[in-house]
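Understanding the architecture of this molecule
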Amino acid sequence: MRTFLKEKSLILNEMREEVFQHFSQSDIEAAVARLLVEVKGIKKIPFDLISETLIGVMSKTETYNVMTTLLELEKKVKHDPELNASMKDPAYNLHRTIAMSICGMYGSGASSLFGFVDCKFRFFFPHKRPKSFVSKGICALVASTASVVISDNVKEDYTQRNLELLESRGVKLDDIVDIVDFLQRPYTPDLDRKLCERHVLAVLRKQQTFHTVQLAIKIDSAVEQGEFSKQYNHIVGMDEGLFGVDESIATAIPLMYGTIALTNFGYLDKAKTGIIKELDSDHTEGKCNTFVDDLVCGLVAAACGRLAHNNVSTFNKPQD
């Protein structure tokens, strides 16, 4: 992010210190440990691993943006009677909506854990107020940290399996890298294509990516073989515009890389760049690419999001 007024590491450290003034680091880590026991029965996770993971979650640009927003709103609500009155409404949910952007980067498991921590907030933090902007952010930090600890037990690299599945549907690594390069070059004219490839491969390495790739391809293939009901085969085979499940599945990948990646997905879904357009328009011999074209959108969007979060672009806005 180009708009940090100081070194990124200093800005992130200031944010962490401010968060820990509201909730101590040790209390947050203890909540993570309790969550792992309550939900997964995991009792022997070293606290230094939890601490390291928590700091890793808090070192993400997206986490910084979300937590800073929550911290600033926490200050504002004390001097804004209208906002304070709205927050007292039992139906008020915007603090949750903002906080859960952090969980989105760690998959649906983190979002589920967020719900558990939020509902049993007093169990984890008996002396804190559950209904505040910062409290919802803490729920997201606890849930996301626990989710990372759980997923880190999965050591397999899924890159090759994902590449093989994609090639079975005519999608090559270079096809994905081409679109990432095309989208990111306006921000950094001297962009190294190898950097684009590295971020694509990092997305393909993840287990959640594999599960998404596998399911999307299985549905398309099953439709081609007529394995589902006649009505469902017709809806998916015709790529019905109001169907939407294909996009829902594909967004599981960009959601791991923040809201900017999700924005990229929406653009690609409409622009149909590169092989995405080829897949979308190829209906020869009963071929069904309803899920795989959105899948490629998701992979590209995620790689662009990952690249953006890990590299400072030459320009903040795209240059013609």
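Residues numbered from 1 in each chain as written. Predicted model: local features only at pLDDT ≥ 70, side-chain atom pairs only at ≥ 80, totals over all residues. Heavy atoms only, no water.

1. Quick word on the overall build of the protein
A tally of regular secondary structure across the protein gives 18 helices and zero strands. For the protein, the C-alpha radius of gyration of 21 Å lies close to 20 Å, the compact-globule estimate for 320 residues. Principal-axis analysis of the C-alpha atoms places the extent of the protein at approximately 65 × 50 × 45 Å. Counting across all 320 residues of the protein, residues that qualify as buried make up 45%. Partitioning the contacts of the protein with sequence separation of at least 6, the portion at a separation of at least 24 is 78%. Here the protein has roughly 16200 Å² of accessible surface; of this, 53% comes from carbon and sulfur atoms. Separation of charge centres in the protein, based on 38 positive and 43 negative side chains, amounts to 7 Å. (Helix = DSSP H or I, 4+ residues; strand = E, 2+ residues; numbered from the N terminus. Rg over C-alpha atoms; globule rule 2.2 N^0.38 Å. Buried < 20%, exposed > 50% of the residue type's maximum accessible area, 1.4 Å probe, protein only. Contact = heavy atoms within 4.5 Å. Areas by Shrake-Rupley, 256 points an atom, 1.4 Å probe, with all protein chains shown as cover. Lys, Arg positive; Asp, Glu negative; His and termini not counted. Charge placed at Lys NZ, Arg CZ, Asp CG, Glu CD.)

2. A look at the nonpolar core
By size, the foremost hydrophobic cluster in this structure holds 50 residues, and its most contacted members are V19, I102, I138, L141 and V142. Counting residues per element, this core draws most heavily on helix 9 (residues 133-151), which supplies eleven residues. Ranked by size, the runner-up nonpolar core spans 46 residues in total, among them L195, I253, F265 and F291. (Core = buried A, V, L, I, M, F, W, Y, C linked by side-chain atoms within 4.5 Å.)

3. Remarks on helix 18 (residues 290-310)
Here helix 18 contains 21 residues, and its C-alpha end-to-end distance of 31 Å stays within 8% of the 30 Å for a straight helix at 1.5 Å per residue. Buried residues dominate helix 18, accounting for 17 of its 21 residues. (Expected span 1.5 Å × (residues − 1).)

4. Overview of the domain arrangement of the protein
According to the domain assignment, the protein consists of domain 1 (8-152) and domain 2 (158-310). Between domain 1 and domain 2, the C-alpha centre-to-centre distance is 31 Å. Every contact between the two is made by eight residues of domain 1 and, on the other side, seven residues of domain 2. For the pair domain 1 and domain 2, the summed buried area comes to about 530 Å², and 43% of that belongs to carbon and sulfur atoms. A per-residue breakdown of the area domain 1 buries against domain 2 is headed by E62, G104 and M105, which together make up 64% of the total. One can count zero salt bridges joining domain 1 with domain 2. The interface formed by domain 1 and domain 2 holds two residue pairs in polar contact (both at pLDDT 80 or more) in total. Breaking the side of domain 1 that touches domain 2 down by element, the ones donating at least two residues are helix 4 (61-77), helix 6 (94-104) and helix 7 (107-119). For the side of domain 1 that touches domain 2, the class distribution of residues is one nonpolar, five polar and two charged. (Domains from an automatic or database assignment. Buried area = accessible area lost by both parts, 1.4 Å probe. Salt bridge = Lys/Arg side-chain N within 4 Å of Asp/Glu carboxyl O. Polar contact = N/O pair within 3.5 Å; in protein donor to acceptor, adjacent residues only side chain to side chain. Nonpolar A, V, L, I, M, F, W, Y, C, P; charged D, E, K, R; others polar.)

5. Here we look at the pattern of salt bridges
By the definition in use, this model includes 17 salt bridges. Residue R193 pairs with D178 through a salt bridge whose shortest N-O separation is 2.7 Å. On the criterion of sequence distance, the pair formed by R193 in helix 12 (residues 193-204) and D178 in helix 11 (residues 173-184) is long-range, its members being 15 residues apart. By relative accessible area, which is 39% here, D178 ends up partly exposed. D282 is the salt-bridge partner of K287, the closest N and O atoms lying 3.4 Å from each other. Overall, K287 belongs to the partly exposed group, its relative accessible area being 34%.

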